[in-house]
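Residue-level structural notes
If you want the building blocks of each chain, they are given just below.
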Amino acid sequence: MKVLDLRDVVKQCAERLERFQRNPHRLGEQNTKASLISPIIEALGWDLRDPDEVSHEYRRKGTDNPVDYALLLLRTPKLFIEAKGLGENLDVPRWANQTIAYATAAGVEWVALTDGMQWRIYNAHAPVPIEQKLFRTVRIDDTEQAVELLSLLTKDNMRDNRIDDLWKGFFVDRQVNVELTSMFSGTEPPAELVALLDRRLPRLTADEVRTSLIRARATFDFPIPTGQPVLPSGAAVHPAPHLSITTPSVSPSDQRPATAGRRTRPAVTPPERLIKVTDMIAAGRLRPGSALHGDYRGVAHHGELLADGRVRCNGQIHSTLSAAGRAVKLQILGHDAPESKISTDGLSFWRATDAVSGDVVSIKEIRSRCARDRDDSQRSSGR
């Protein structure tokens, strides 16, 4: 069997996807499998015509509901792939729940859920709630990201358990990230952290350390697991996490005791608050169709900015950036998560390419640049 280049096949599928999306009629599950999913599986090195490698409509027992694809090594399932028609809502809980439950019963660790456009990879055996079993999500039209993730599912990589190595690092990083984030949440910091810094900073009082920690805004940059390059057995998968802490500058006139639970943020001017996403598009700082990037709990998420300011993310269209960010958090935390956890400032959550400067920054920074552009324009016109 000739194995096609994965990158070329991903690009071909992305081109088909663009054509299919212009068609008002749904593609349907069988056509989605034939046009968008099976070519990817074949490019990953699995022989679609060999039932000892790829079992179609796989049933562990005759009474079970079938899984669309079971990828096998030595006739033992290593990965289940559940396919849906292009455009189906993958957020419907039962799609992932059913396949993960079946995989758990069958002793299969890895599950993929896809509609041909988006691929979601789950670890069925992870000892966490089902919404936290999600490992990575990628869209097929994001070529490099798609190749990186899908390459973990090649026959050779599944045989060598490369994805297991990356998952272990990701699983640990996610738990550490949650704990670190809670320590720098802008509320009362843990006493042991205050005591540690108090010992290391003898010129400061414990109260000064505590109020500084309340003011601090912390971000934790954990590496995103990728499939390339393939690392030799025993090689380190994750570099050390990078911690970035920003403490807001305070002018002497503004120095006052900090209030627990309150974080100082850069001031936003009233004219800046009036600038909408559509204004940024009209100003040429954002372009319709721009890729949006957001990181949450060590996982990269992607969206698409539409011409009217709405956001397409995970196969759904959201009315605002904040609504799209909130949906991402719901996907990770589950629908029982408190509002305080899922409430999202979409301008800070999402990053995009500034079409004027060419760098990738937060939408909030792009809004600030638009405000400065307006000020400069008004000053130059003598207003």
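None of these values were measured; they are calculated from a predicted model.

A short note on the confidence of the model for the protein chain
When pLDDT is averaged along the protein chain, the result is 81, and 86% of the positions lie at 70 or above. For residues 227–266, every residue scores under 50 in pLDDT, and the model assigns this stretch 65 contacts once sequence neighbours within four places are set aside.

Description of the packing of aromatic side chains
Under the defined criterion, the tally for this structure stands at 6 aromatic pairs. Between the aromatic rings of Phe135 and Trp167, the centroid separation amounts to 5.6 Å while the plane-to-plane angle is 70 degrees, which identifies the pairing as edge-to-face. In this pair, Phe135 sits in strand E6 (residues 134–139) while Trp167 sits in helix H6 (residues 162–183), placing the two residues 32 residues apart along the sequence. Trp167 carries the same exposure label as Phe135, and that label is buried. Consider the rings of Phe349 and Trp350, whose centres lie 4.9 Å apart with planes at 75 degrees: the pair is edge-to-face. Residue Phe349 shares its accessibility class with Trp350, and that shared class is buried. An aromatic cluster of at least three residues, connected via ring pairs, comprises Tyr58, Phe80 and Tyr102.

Points about unusual backbone geometry
Not every positive phi belongs to a glycine, and Glu57 is a case in point at roughly 55 degrees. Tracing the chain through its elements places Glu57 in strand E1 (residues 54–58). When its relative accessible area of 36% is taken as the criterion, Glu57 is described as partly exposed. If you check the backbone angles, Asn314 has positive phi at about 55 degrees while not being a glycine. On the secondary structure map, Asn314 appears in the loop between strand E11 (311–313) and strand E12 (316–318).

A word on empty space enclosed by the protein
Taken as a whole, this structure holds 1 cavity of 30 Å³ or more when the rule is applied. Lining the largest cavity are Gln118, Thr137, Val138, Arg139, Ala300, His301, His302 and Asn314. Those elements that place two or more of their residues in the lining of the largest cavity are E6 and strand E10 (299–305). Its residues placed into classes, the lining of the largest cavity shows 2 nonpolar, 5 polar and 1 charged.

Comments concerning the layout of surface pockets
Empty space among the atoms can be located by rolling a probe the size of a water molecule over them. Computed from the structure, the second largest pocket encloses a volume of approximately 500 Å³. Taken together, 24 residues form the lining of the second largest pocket, with Asp91, Pro93, Leu330, Gln331 and His335 sitting closest to its centre. Looking at which element gives the most residues to the lining of the second largest pocket, the answer is helix H11 (residues 321–333), with 6 residues. Of the residues belonging to the lining of the second largest pocket, the class tally is 13 nonpolar, 7 polar and 4 charged.

Some remarks on the sheet that holds E1
If you walk across this open sheet you meet the 6 strands as E1-E2-E3-E4-E5-E6, and the pairing is mixed. For this open sheet the edge positions go to E1 and E6, each flanked by a neighbour on one side alone. This sheet shows a mean twist of 20 degrees between the axes of neighbouring strands, independent of strand direction. In this structure, strand E5 (residues 118–123) lies alongside E6, joined through 5 bridges in antiparallel fashion. Pairing of Ile121 across the sheet is with Arg136, part of E6. Along the sheet face, helix H4 (residues 143–150) touches E5 and E6 and points at about 145 degrees away from the line of E6.

Section: the packing of helix H1 (residues 6–21) against helix H2 (residues 29–43)
Two numbers describe how H1 lies on H2: the axes approach to 9 Å, and their chain directions differ by 180 degrees. Considered as vectors, H1 and H2 are oriented roughly antiparallel to each other. Of the residues in H2, those touching H1 at Leu6, Val9, Val10, Cys13, Arg16, Leu17 and Phe20 are Ser35, Leu36, Pro39, Ile40 and Ala43. Residue composition of the contact of H1 with H2, by class: 10 nonpolar, 1 polar and 1 charged.

Quick word on the side chain of Arg136
Checked against the element boundaries, Arg136 lands in strand E6. One buried charged side chain, Arg136, makes no salt bridge at all; its nearest oppositely charged neighbour is Glu148, positioned 5.0 Å away.

So, the pattern of salt bridges
Tallied over the entire structure, the rule returns 25 salt bridges. Where Arg210 meets Glu188, a salt bridge forms, and the shortest distance between an N and an O atom there is 3.2 Å. Here Arg210 is found in helix H8 (residues 206–215), whereas its partner Glu188 is found in the loop between H6 and helix H7 (191–200), with 22 residues between them in sequence. In this structure, Arg210 and Asp207 form a salt bridge, with 3.0 Å as the shortest nitrogen-oxygen distance. On the criterion of helical spacing, the pair formed by Arg210 and Asp207 is a turn pair, its members being 3 residues apart in helix H8. The exposure class assigned to Asp207 is partly exposed, which follows from its relative accessible area of 45%.

Here's the deal with the environment of Ala327
Relative to the elements of secondary structure, Ala327 occurs in helix H11. A sequence separation of 15 residues divides Ala327 from Ile342, and the C-alpha atoms of the two residues are 8.0 Å apart.

What counts and how
Along each chain, numbering runs from 1 in the same order as the chain's sequence is written. Given that this is a predicted model, residues contribute local features only at a pLDDT of at least 70 and side-chain atom pairs are listed and counted only at 80 or more, while totals for whole chains, interfaces and linings are drawn from all residues. Side-chain metrics rest on all non-hydrogen atoms present in the structure, leaving aside hydrogens and water. pLDDT is a residue-level measure of predictor confidence that goes from 0 to 100. The criterion used for residue contact is that any of the two residues' heavy atoms lie within 4.5 Å. Pairing of aromatic rings covers Phe, Tyr and the six-membered ring of Trp, with a centre-to-centre limit of 6.5 Å; geometry is then stacked below 30 degrees between planes, edge-to-face above 60, and tilted otherwise. The way it works is that DSSP assigns letters per residue, a run of H or I at least four long becomes a helix, a run of E at least two long becomes a strand, and they are numbered from the N terminus. To sort residues, take the accessible area from a 1.4 Å probe on protein chains only and compare it with the maximum for the residue type: under 20% means buried, over 50% means exposed, and anything in between is partly exposed. The definitions used throughout rest on a 1 Å grid laid over the protein atoms alone, on which a cavity is an enclosed set of points accommodating a 1.4 Å probe that cannot get out and a pocket is an open set flanked by protein within 12 Å on both sides along at least five of seven lines; lining residues are those having an atom within 4 Å of a point. Grid points are joined across faces, edges and corners, and a volume is the space filled by probe spheres set on the points. All residues other than Ala, Val, Leu, Ile, Met, Phe, Trp, Tyr, Cys, Pro, Asp, Glu, Lys and Arg, Gly among them, are scored as polar; the first ten of these are nonpolar and the last four charged. Note on pairing: two strands pair once DSSP finds at least 2 bridges between them. Convention adopted: a line fitted to C-alpha atoms gives each axis, helices being fitted over their contacting stretch, and angles between N-to-C directions are expressed from 0 to 180 degrees. In this scheme, roughly parallel covers angles under 35 degrees and roughly antiparallel covers those over 145, while 65 to 115 is roughly perpendicular and the rest are oblique. All tallies of charge rest on Lys and Arg as positive and Asp and Glu as negative; His and the ends of each chain are not included. Between Lys or Arg on one side and Asp or Glu on the other, a salt bridge is scored when a side-chain nitrogen of the former is within 4 Å of a carboxyl oxygen of the latter.

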